[in-house]
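# Geometric and topological summary
For reference, the chains in residue letters:
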Amino acid sequence: MHKSVCCVPAMLAGLAMAGSAAAQSPAPFSARLNSASQPLLSYPIEQSFTEYVRDCSGQIPLTIRRPGLLGSTRQVSAIDPRIIGRLNLTANPTILKDLEMSLGRVFGHVYSSRDVSAATFENKNFLRLTYEDRDKILQPGFPSTRLEASCISILAGALSANADFAFPTATLQAALEAESRSDSRSTMEVVRGRFNSPVWEMWDGSTIENIDRARHKFYAGILFWDWYIPGPGNRSLLEYFDGTVIYRQTRTETDQQTDAEASGRLNIPMFTAAASVDGELRQQSSYALEDFHVLIDTPRTGAPATTGWRAFPDLAAIVAAVENASPAELSAPDGPMIDPTQPKMLHADIQSLPAAYCNRSSWQVRDSRSATGPSSQLAFASDPLQVRKDNLTVCRFQISYTPTASTTTGDVALTPFLASANEKSQQRLWLKLGDVTLTRNAGPELHRLSQQGPSVYPVNGSIPEASDIQWSIRFQLRNIGSYNDTDRIILDNLRLDCADVMTNGAEFAATFDGPLTGSSRTLVLTIRNRFQGALATPFDTVQCPVTGEVGYRSPSGAMLWRRVENLTVNFPQPRPQQPMAAPAANRP
């Protein structure tokens, strides 16, 4: 729903009064070049603001009229008068180049010469840069300006700078409706200053916090590796430029609130329809950036250059930087135990890996840095995924480790690497994934924790009388992996040896108790036996051994047996009846 537009003239009159100090609006800047055939800064800015005003007010050219039946008309620039004054556009400053692309494209281009005005931009010459850091693009300490103009501010500025003139009511109403939209608000942004390349910021790390330097350098190094083409040639990237950046920005209410909360920072978007941090590509359909113009100043005679350049790094430096900064973490998510009959799953999480390299076709798994071929025991289990971890996006490689045929106990230390599938000048990239130690043995271990019993329960209605006896023994079943199936437990080989007092065979049952996570479980072994006869307390007990084995069926179907050792239970038996004493009167 739009806000009311019943009081359009009064509201715009108030805005015009607020801008009464603005410079007078000149006629539209229609000249592309000056008399020396140099591009003018004012022309691309006029074109961008003209398109913006046309979209929000419906009027182009922007025409104001002196009230009255025969009032004169005047065409005025679509540029906000404040911006005309701050950029001194009426003095006709010139530019070296108008680049109709985002900052990410300008800084991510590999130039064949250090002359941006002569550059030809082809897709093959761009780094796959999807990184954004809005707070480090402007040169600290260098004079900078950020101006924002809306449809209303442009019209109000024109009215303020041109006394006794007015716009048609339809133009004002359209502008106010565009300003008052509840779902989104569009503005023109103009930023002037010295702009630094985020590529070199990441590569150098001088302005990045220590905790983040490694992953930023890693990201920049992967970009350089990805683009690197062997051979001679002057390959350079911009380090900085002095100039002006303009773009149109449409923000939702949520975006506007976020900007208000971050008002202490100077936010300079680098990309158009998508933004990315730490290698994560996020489509931001509600935060549209479009109509970019990067306008690089013309160098003045005797003044410092308006562009700075650095040579593309050599291959040895790229490889060393990537390998030394590799931000990978290796883990065994279901614990360190190896089932000798099954592959073991490992996770290798790599921060800041560009999305173009988060796939298994770009890499091979190797056993070590010196391995000459793919591993025979390590392999990709599936395609890698981009997941969130510690508030960052990581590329997760799922790697399976297949144990050797031997089932002898012992530790297995692994230090796997990813090697790039392709070589460049006979060099590969090697990414160390980390270190992990796995424990290998022949199967589960059984450790007794506690036992209770005997508990005696009369069997109601039994003829002859009978009693049920029960014991509960708790074990810890270790090293069983992540399997929770109680039907893997085989108890057929257990027996209770108490033939002198038992009248029926014992029954055995097993259940798991407690959390079903990790590589160990609490196994509760229940033993039951029916005693023929009544068992009244107190009763005597006799120790009887529990012998045999507990079997555990592995997922492969193989049976792994563990002997129950040194286990006894107290079996109840009635106390012998004592002869009754004779009455006292009958005693001799």
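Residues numbered from 1 in each chain as written. Predicted model: local features only at pLDDT ≥ 70, side-chain atom pairs only at ≥ 80, totals over all residues. Heavy atoms only, no water.

### Some thoughts on the overall build of the chain
Applicable threshold: Helix numbers and strand numbers start at the N terminus; a helix is a DSSP run of H or I with at least 4 residues, a strand a run of E with at least 2. Each residue is placed in one exposure class: buried if its accessible area under a 1.4 Å probe, protein chains only, is under 20% of its type's maximum, exposed if it is over 50%, and partly exposed if it falls in between. Whether two residues are in contact is decided by their heavy atoms: any pair within 4.5 Å suffices. Residue exposure ignores everything except the shown protein chains as possible cover, and the areas themselves are Shrake-Rupley values with a 1.4 Å probe.
A tally of regular secondary structure across the chain gives 10 helices and 31 strands. By residue count, 47% of the 588 residues in the chain fall in the buried class. By sequence separation, contacts in the chain at least 24 residues apart represent 75% of the contacts at least 6 residues apart. A total of about 28900 Å² of accessible surface is found on the chain, and carbon and sulfur atoms cover 48% of it.

### Description of the confidence of the model for the chain
Applied cut-off: pLDDT runs from 0 to 100 and stands for how confident the predictor is about each residue.
Taken as a whole, the chain shows an average pLDDT of 76; of its residues, 72% reach a score of 70 or greater. Taking the mean pLDDT of every element in the chain, the minimum, 29, falls on strand β7 (residues 274-277) and the maximum, 95, on strand β20 (residues 430-432). Within the model, the stretch residues 131-136 combines pLDDT values under 50 with 28 contacts to residues more than four positions away or in other chains. For residues 254-287, every residue scores under 50 in pLDDT, and the model assigns this stretch 95 contacts once sequence neighbours within four places are set aside.

### Considerations on the sheet that holds strand β28 (residues 540-547)
Rules: For two strands to pair, DSSP has to find at least two bridges joining them.
Judged by pairing direction, the sheet is antiparallel, and its three strands sit side by side in the order β25-β28-β31 without closing on themselves. If you trace the sheet from one side to the other, it starts and ends with β25 (495-496) and β31 (567-573), each paired once. One ladder, built from two bridges, connects β25 with β28; its direction is antiparallel. Bridge pairing links R495 to T547 in β28.

### So, the sheet that holds strand β19 (residues 417-420)
To keep things clear, this is the line we draw: For every element, the axis is a line fit to its C-alpha atoms; helices are fit only across the contacting stretch, and the angle between N-to-C directions ranges from 0 to 180 degrees.
Pairing within the open sheet is antiparallel, and its three strands lie in the order β14-β19-β20. Both outer strands of the open sheet, β14 (363-366) and β20, are each paired with one neighbouring strand and no more. Neighbouring strand axes in the sheet, compared pairwise and without regard to direction, differ in orientation by 25° on average. Where β14 and β19 come together, four bridges link them in antiparallel fashion. Considered in β19, the bridge of V365 is made with L418.

### So, the packing of aromatic side chains
Put simply, the rule is: Centre distance within 6.5 Å is the pairing criterion for rings of Phe, Tyr and Trp, where only the six-membered ring of Trp is used; planes under 30 degrees apart are then read as stacked, over 60 as edge-to-face, and the remainder as tilted. When the NZ atom of lysine or the CZ atom of arginine is within 6 Å of a ring's centre and also within 35 degrees of its normal, the charge is said to sit over that ring.
Counted under the stated rule, the structure contains 14 aromatic pairs. Seen in terms of ring centroids, F224 and F312 are 5.1 Å apart; in terms of plane orientation they differ by 70°. Their pairing is edge-to-face. With F224 in helix α8 (residues 210-227) and F312 in the loop between β10 (307-311) and α10 (315-325), the pair connects residues that are 88 residues apart, well separated along the chain. Ring centres of F417 and W430 lie 6.2 Å apart, and the angle between their planes is 75°; this geometry places the pair in the edge-to-face category. Here F417 is found in strand β19, whereas its partner W430 is found in strand β20, with 13 residues between them in sequence. Among the residues examined, W430 registers a relative accessible area of 8% and is labelled buried. Positioned over the ring face of W200 is R310, at 4.1 Å from the centre of the ring. Sitting over the ring of W225, K424 keeps its end group 5.4 Å from the ring centre.

### With respect to the pattern of salt bridges
Put simply, the test is: For salt bridges, the criterion is a side-chain nitrogen of Lys or Arg within 4 Å of an Asp or Glu carboxyl oxygen.
Applying the stated criterion to the full structure yields 18 salt bridges. R310 is the salt-bridge partner of E239, the closest N and O atoms lying 3.8 Å from each other. Pair noted here: E239 is in strand β6 (residues 236-251) and R310 is in strand β10, with a separation of 71 residues, a long-range link. The class of R310 is partly exposed, set by a relative accessible area of 22%. D349 is the salt-bridge partner of K389, the closest N and O atoms lying 2.9 Å from each other.

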